[in-house]
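Next come the chains, spelled out residue by residue.
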Amino acid sequence: MPDRREFLATAAALSASAGSPAAEPAPGLVVREADPPNLETPLAALASPITPTERFFVRCHFPLPAIDRANWSLAVAGAVARPLKLGYDEMLALPRVTKPLTFECAGNSRVFLTPKVRGVNWSQGAVGTAEWSGPTLADVLDRAGVAANAVDVVLEGADRGVHVDEPKSPGTIAYARSLPVAKARRPEVILATHMNGEPLTPEHGWPLRVVVGGWYGMASVKWLTRILVTTTPFNGYWQTMDYSYFERIDGVPSLKPITAMGPKAIILEPAARAELPRGRAVTIRGAAWAGEQAVTAVEWSADGGASWAPARLAGPGRPFLWSHWTAEWTPAAPGPTRLLARATDDAGRSQPPTRDGDLRTYQIRHPVPVPVTVRN
Ligand SMILES: Nc1nc2c(c(=O)[nH]1)N[C@H]1C(S)=C(S)[C@@H](COP(=O)(O)O)O[C@H]1N2
Ligand SMILES: [Mo]
């Protein structure tokens, strides 16, 4: 049965994201932090297959870097046969691919963790899908000639700063994240110059960003300036001290960097605290994604998880891309209840019913209940 305090806390958190977006400086987005900008997409804007750029969530660790077109370049260095330096026009001249790719911030849904934790307290809107275009990372790596003994591909952005809270950074550092060589070579990893048909905006990483299909957002490095190929594993700040989780080896916790997204469904409609007339059919709408896997099923519950029924997917699930889904519900019993949804993927994975503490404050995938009231 719903616990009253949890019910109220969930309702407040959900309506915060459904609420009116701030007028300035980010019309259409919910300001979680103004400086640096950390802006969330309102749930209503997640109902379309492609998220409009001006409503795509923004996650920044440091102030936006000042970059000008003439001085920007991308260096490809480290364990490569031919180190490269590519200007913006050279990036635009390379063969290009365009793909819709979904990514979610690894901290999305953090506001639902109890007790409260530090970090941007996102509701459910730190997720989006855009059409990304540019050369593949594989193409640029091939031009440079990756050494046979290469291990990781470090992606470094132009934004930098000091992490003053514990664990402190070793002085000023640039945002950086790595991919294992095998993932870096995959066709779903794009060096994007364009988002939804237009050059990237400053907040989304102009002039060049990585988009790592299937992985949580932290891998999709913005304002890319350097690709460094290493022959030893890269253990940078944002994959050890931050954006990491504990995986148990025979019960012993071992820290691992966060990588691919797991299956997750969110409910977009009805909104939290909605009052629904008894006996009249309502459509429950939502989105679901599963990282490198395809969503094969979404189930929903209108009784707080006691019973589940299959929802209808808008189309066949695909890797790297979210699916939208609907379900028809005719509420029969008056009173408060909780709507839940959960996704399953083609690897047979589903969502954990409760929060797993080994995941620290990331990868929040337990179904979040949407409290509604049925009126007589
Ligand atoms: N250079 C740089 N890249 C970055 C970040 C950053 O702070 N600096 N944030 C990362 C995180 S945590 C996420 S979730 C995504 C967000 O991308 P968006 O702002 O385009 O939505 O960018 C990633 N790439
Ligand atoms: Mo993120």
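Above this note sits the structure.
Residues numbered from 1 in each chain as written. Chains lettered and ligands numbered in written order. Predicted model: local features only at pLDDT ≥ 70, side-chain atom pairs only at ≥ 80, totals over all residues. Heavy atoms only, no water.

## Section: helix α3 (residues 137-144)
Quick reminder of the rule: Buried, partly exposed and exposed residues are distinguished by accessible area as a fraction of the type maximum, computed with a 1.4 Å probe on protein chains only: under 20%, between the cut-offs, and over 50%, respectively. Labels follow the DSSP assignment, with helices taken as runs of H or I lasting at least four residues and strands as runs of E lasting at least two, numbered in each case from the N terminus.
With 6 of 8 residues buried, α3 is to be regarded as a mostly interior element. At the C-terminal side of α3, Gly145 shows a positive phi close to 80°.

## Notes on the sheet that holds strand β6 (residues 97-104)
Note the following rule: Pairs of strands are assigned from DSSP output, requiring at least two bridges between the strands.
Ordered in space as β6-β7-β11-β12, the 4 strands form an open sheet in which the pairing is antiparallel. The two strands at the open ends of the sheet, each matched to only one other strand, are β6 and β12 (198-199). With 2 bridges connecting them, strand β11 (residues 194-195) and β12 associate as antiparallel partners. Following the sheet pairing, Met195 is matched in β12 by Glu198.

## Comments concerning the packing of aromatic side chains
What counts, and what does not: Only the six-membered ring of Trp is used, alongside the rings of Phe and Tyr, when aromatic pairs are assigned; centres must lie within 6.5 Å, and planes under 30 degrees apart are stacked while those over 60 apart are edge-to-face, with the rest tilted.
By the definition in use, this model includes 12 aromatic pairs. Both rings, one in Phe56 and one in Phe103, keep their centres 5.5 Å apart while their planes meet at 65°; by these two values the pair is edge-to-face. Of this pair, Phe56 sits in the loop between β2 (38-40) and β3 (58-59) while Phe103 sits in strand β6, and the two are 47 residues apart along the sequence. The residues Phe56 and Phe103 share a single accessibility class, namely buried. Aromatic pair Phe56 and Trp132: ring centres 5.9 Å apart, planes at 85°, arrangement edge-to-face.

## Quick word on empty space enclosed by the protein
Empty pockets left among the atoms are what a rolling probe the size of a water molecule brings to light. For clarity, the threshold we go by: Cavity and pocket criteria rest on a 1 Å grid covering protein atoms alone: a 1.4 Å probe that fits but cannot get out defines a cavity, protein on both sides within 12 Å along at least 5 of 7 lines defines an open pocket, and an atom within 4 Å of a point defines a lining residue. Grid points are joined across faces, edges and corners, and a volume is the space filled by probe spheres set on the points. Polarity classes work like this: nonpolar for Ala, Val, Leu, Ile, Met, Phe, Trp, Tyr, Cys and Pro, charged for Asp, Glu, Lys and Arg, and polar for all others, with Gly in that last group.
One pass over the structure, following the stated rule, counts 2 cavities of 30 Å³ or more. In this structure, the largest cavity spans a volume of roughly 240 Å³. If you go around the largest cavity, you meet 20 residues; those closest to its centre are Arg59, Arg209, Gly217, Ser220 and Lys222. Of the residues contributing to the lining of the largest cavity, the split by class is 12 nonpolar, 4 polar and 4 charged. If you add up the space inside the second largest cavity, you get close to 80 Å³.

## Some words on the site of ligand 1
Condition: To be near a molecule or strand, a residue needs just one of its heavy atoms within 4 Å of it. Pairs of N or O atoms within 3.5 Å make up the polar contacts considered here, provided that, within protein, one atom can donate a hydrogen while the other can accept it, and that residues adjacent in sequence are counted only when both atoms are side-chain atoms. Each accessible area is a Shrake-Rupley result for a 1.4 Å probe, and residues are judged covered by the shown protein chains and nothing else. Whether a molecule sits in a cavity or pocket is decided by its atoms, more than half of which must lie within 2 Å of the grid points.
Residues in contact with ligand 1 amount to 19 residues; listed here are only the nearest, Phe57, Asp159, His204, Arg209 and Lys222. One nitrogen or oxygen atom from the side chain of Asp159 is found 2.7 Å from a nitrogen atom belonging to ligand 1. Take Lys222: an N or O atom from its side chain is 2.5 Å from an oxygen atom of ligand 1. Coverage of ligand 1 by the protein amounts to 100% of the 530 Å² it exposes when considered alone. The site holding ligand 1 turns out to be the largest cavity. A class-by-class count of the residues in the shell around ligand 1 yields 11 nonpolar, 4 polar and 4 charged.

## As for the side chain of Arg177
Test applied: Positive charges come from Lys and Arg alone, negative charges from Asp and Glu alone, with His and the N- and C-terminal ends not counted. The salt bridge definition used is simple: a Lys or Arg side-chain nitrogen within 4 Å of an Asp or Glu carboxyl oxygen.
Checked against the element boundaries, Arg177 lands in strand β9 (residues 172-180). Look at Arg177: it is buried, it has no salt bridge, and the nearest opposite charge is Asp242 at 8.2 Å. Side-chain polar atoms of Arg177 contact the backbone oxygen of Tyr243, separated by 3.0 Å.

## Let's talk about the layout of surface pockets
Approximately 720 Å³ is the volume found for the largest pocket. Per-class residue counts for the lining of the largest pocket are 14 nonpolar, 6 polar and 8 charged.

## Section: the pairing of strand β23 (residues 323-329)
Within β23, 6 of the 7 residues are buried, which leaves it mostly tucked inside the rest of the structure. When strand β19 (residues 282-289) meets β23, the two strands line up antiparallel, connected through 7 bridges. If you follow Ala288 over to β23, its bridge partner there is Ser323.

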